[in-house]
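Topology and contacts: notes
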Amino acid sequence: MAARAENFRCTACGASRSKWSGRCDACGAWNTVVEEAPLSAGPARKSLGTRRGSRVELSDLASEEKPPARTISGIGELDRVLGGGLVPASAVLVGGDPGIGKSTLLLQATAQFAGAGLKAVYVSGEEARAQVRMRARRLGLEQAPVQLAAETNLRDILTTLEKERPDLVVIDSIQTMWADSVESAPGSVAQVRAAAHELTGFAKRRGISVVLVGHVTKEGQIAGPRVIEHMVDTVLYFEGERGHQFRILRAVKNRFGPADEIGVFEMTGRGLTEVRNPSALFLSERDTPAAGTAVFAGIEGTRPLLVEFQALVAPTPMSQPRRSVVGWDGARLSMILAVLEARCAIPFSGLDVYLNVAGGLKISEPAADLAVAAALLSAREDIALPADTVVFGEISLSGALRTVAQTESRLKEARKLGFNKAIAPDRGSTGPSWGPRVRQMPDLVTFVGEIFGAG
Ligand code: TYD
Ligand code: MG
């Protein structure tokens, strides 16, 4: 074996290294570095040069390739996140926290795809047949033409698939699969990678679509889905807050469609139902505009979405004030607080700041900057924003406001939900004649002065 073989790997970020350490120096996680067996143990591999391979077919870039014939599940929120349905022979990874609803979603999706004419196999490595059947009954799917297996042995699964030749196979979950070619425990990085590699390779060769379920792991005892993200065509994460019934399916990588697309679902007593108008859902708990809230007109993937930012600002008893953020980036919050202090002379020192996105959604658009600033100022000054108003715009370090993409879609969504005013960066027009009236702000100082009468 080579002296500097990197056979230790972090189960959290996948970084490899030559020796064990208690803390991964790539991602900083503790107790996540594990030893892994090399992918192909056994006799030393021959160098590639000594053995002749077969000739690979080469073609022009201009050669015609028909777009793949996708299968629509009929679950619109899922089809859109996939980029317009399931592509044949594609590999999809669905990651998420344990208990978030991955098995529920995939059983529903498998049943729908089977109903749409695909031969579908659902392999559960976590639950016994009886348990899966029980869930199917609860979901009203016991008559769906889905073939069920409860198995973890990868060799047996592949043999079965070879014989059955389905169009779609769901593996729930990849962490329970056991490939006998690798000498480490199921769930280890080596096993998860080997199993994913075998399954995706097999599926591609046989023209089968494969969906792998992966649990996100906090403790790092078993390998998380990140270690196989590069092997699949599409990576979806299923997110949500435990206490909330909303679930977001988010495409973080998609070779067949836009990334960042989201699908919104609601967990009910009879499984997941689609939320066709998520803006209404995320704003549903809102009554009269209160101090400390601002409605952001955002874009998630290809779809506009209105969400409410909520802020609380209170004097701190501590020497170091708290900065607590849920659903947005903590570093970005610090930046906005710094800009407010430096450019508008509004200090937040000595004040605890809590920022929250209603409904358990995670927002990453810089276009939300102005809505965040609005919520913070509204909380600090105890002044509610004008009613029926949406806010968007990016804040630069100088305190200037930058225009953001897709202003029109944002305004349309606002109008649809009954918001007839918008506060946005300066863009030389007061908005389209059909839409909300736009109050333009060139910079943060103007915004503070006009809306809060300060600055
Ligand atoms: P599950 O799909 O098993 O989660 P995962 O596969 O991601 O671990 O979902 C588990 C939770 O969903 C469980 O707490 C029960 C709840 N649930 C419902 O609320 N309604 C339903 O119809 C079903 C099937 C589950
Ligand atoms: Mg499950």
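Here the structure is a predicted model, which is why all the values come from computation and not from measurement. (Residues numbered from 1 in each chain as written. Chains lettered and ligands numbered in written order. Predicted model: local features only at pLDDT ≥ 70, side-chain atom pairs only at ≥ 80, totals over all residues. Heavy atoms only, no water.)

1. Here's the deal with the overall build of the protein
Note the following rule: What counts as a helix is a DSSP run of H or I of at least four residues, what counts as a strand is a run of E of at least two, and both are numbered from the N terminus. In this scheme, a residue with accessible area under 20% of its type's maximum is buried, one over 50% is exposed, and one in between is partly exposed, where area comes from a 1.4 Å probe on protein chains only. In this description, contact between two residues means that some pair of their heavy atoms is separated by no more than 4.5 Å. Computed with the Shrake-Rupley method and a 1.4 Å probe, the accessible areas treat only the protein chains shown as cover for residues.
Helix and strand counts for the protein stand at ten helices and 21 strands. In the protein, buried positions account for 48% of the 455 residues. For the protein, the proportion of contacts with a sequence separation of at least 24, taken over those separated by at least 6, is 65%. Of the accessible surface of the protein, which amounts to about 22,000 Å², a share of 50% is contributed by carbon and sulfur atoms.

2. Topic: the packing of aromatic side chains
This is how it is decided: Between rings of Phe, Tyr and Trp, where Trp is taken as its six-membered ring, a pair exists when centres lie within 6.5 Å; planes separated by under 30 degrees are stacked, by over 60 edge-to-face, and by other angles tilted.
In this structure the tally under the stated criterion is four aromatic pairs. Each ring, one from F238 and one from F265, has its centre 6.1 Å from the other, and the planes form 75°; the classification is edge-to-face. Residue F238 is located in strand 9 (residues 234-239), and its partner F265 is located in strand 11 (residues 262-268); the two are separated by 27 residues in the primary sequence. With respect to class, F238 is no different from F265; both count as buried.

3. Side note on the packing of helix 7 (residues 330-344) against helix 8 (residues 369-381)
For clarity, the cut-off: The convention used is that axes are lines fitted to C-alpha atoms, helices contributing only their stretch in contact, and that angles between N-to-C directions extend from 0 to 180 degrees. Two helices crossing with the near one rotated counterclockwise from the far one by less than a right angle form a left-handed crossing, whereas a clockwise rotation gives a right-handed crossing. Residues are sorted three ways: Asp, Glu, Lys and Arg are charged, Ala, Val, Leu, Ile, Met, Phe, Trp, Tyr, Cys and Pro are nonpolar, and all the rest, Gly among them, are polar.
Where helix 7 contacts helix 8, the two axes come as close as 10 Å, and the packing angle between them is 65°. Along this stretch, helix 7 crosses helix 8, giving a crossing that reads as right-handed. Contacts from R332, L333, M335, I336, L337 and L340 of helix 7 reach helix 8 at D369, V372, A373, L376 and L377. The residue makeup of the contact of helix 7 with helix 8, split by class, is nine nonpolar, no polar and two charged.

4. With respect to unusual backbone geometry
The linkage connecting D172 with the following residue, S173, adopts the cis geometry, with an omega of 5°. Among the structural elements, S173 can be located in the loop between strand 7 (168-172) and helix 5 (189-206). The backbone of D382 shows a phi angle near 55°, a positive value even though the residue is not glycine. Structurally, the position occupied by D382 is in the loop between helix 8 and strand 17 (389-391). Its relative accessible area of 62% is what places D382 among the exposed residues.

5. Some details on the site of ligand 1
Keep this limit in mind: When at least one non-hydrogen atom of a residue lies within 4 Å of a molecule or strand, that residue is treated as near it. Throughout this description, a polar contact denotes any pair of N or O atoms lying within 3.5 Å of each other; where both atoms belong to protein, one of them has to be capable of donating a hydrogen while the other can accept it, and for residues adjacent in sequence the pair is counted only when both atoms sit in side chains.
Taken together, 16 residues are adjacent to ligand 1, and G99, S103, T104, R135 and G271 come closest. Between ligand 1 and I100, the relevant distance is 3.4 Å, taken from an oxygen atom to a main-chain nitrogen or oxygen of the residue. Contacts to ligand 1 include G271, whose backbone N or O atom sits 2.6 Å from an oxygen atom. About the coverage of ligand 1: the protein hides 75% of its 550 Å² of free accessible area. In terms of residue count, the dominant contributor to the shell around ligand 1 is helix 2 (residues 102-115) (three residues). When the residues that make up the shell around ligand 1 are grouped by side-chain class, the tally is four nonpolar, seven polar and five charged.

6. Remarks on the pairing of strand 20 (residues 421-425)
Defined as follows: DSSP-based pairing: two strands are paired if at least 2 bridges between them are found.
Buried residues dominate strand 20, accounting for four of its five residues. Pairing of strand 20 with strand 21 (residues 437-441) involves five bridges; the strand directions are parallel. Its bridge partner lying in strand 21, K421 is registered against R437.

7. Considering the domain arrangement of the protein
Stated formally: Just so you know, the domain bounds were taken from an automatic or database domain assignment.
By domain assignment, the protein separates into domain 1 (1-36), domain 2 (76-276) and domain 3 (281-452). Here the C-alpha centre of domain 3 lies 41 Å away from the C-alpha centre of domain 1.

8. Some words on the sheet that holds strand 17
Judged by pairing direction, the sheet is mixed, and its seven strands sit side by side in the order 15-16-14-13-17-20-21 without closing on themselves. What marks the edges here is a single partner per strand, and that holds for strand 15 (323-326) and strand 21. Taken over all neighbouring pairs, the strand axes of this sheet differ in orientation by 30° on average, direction set aside. With three bridges joining them, strand 17 and strand 20 adopt parallel strand pairing.

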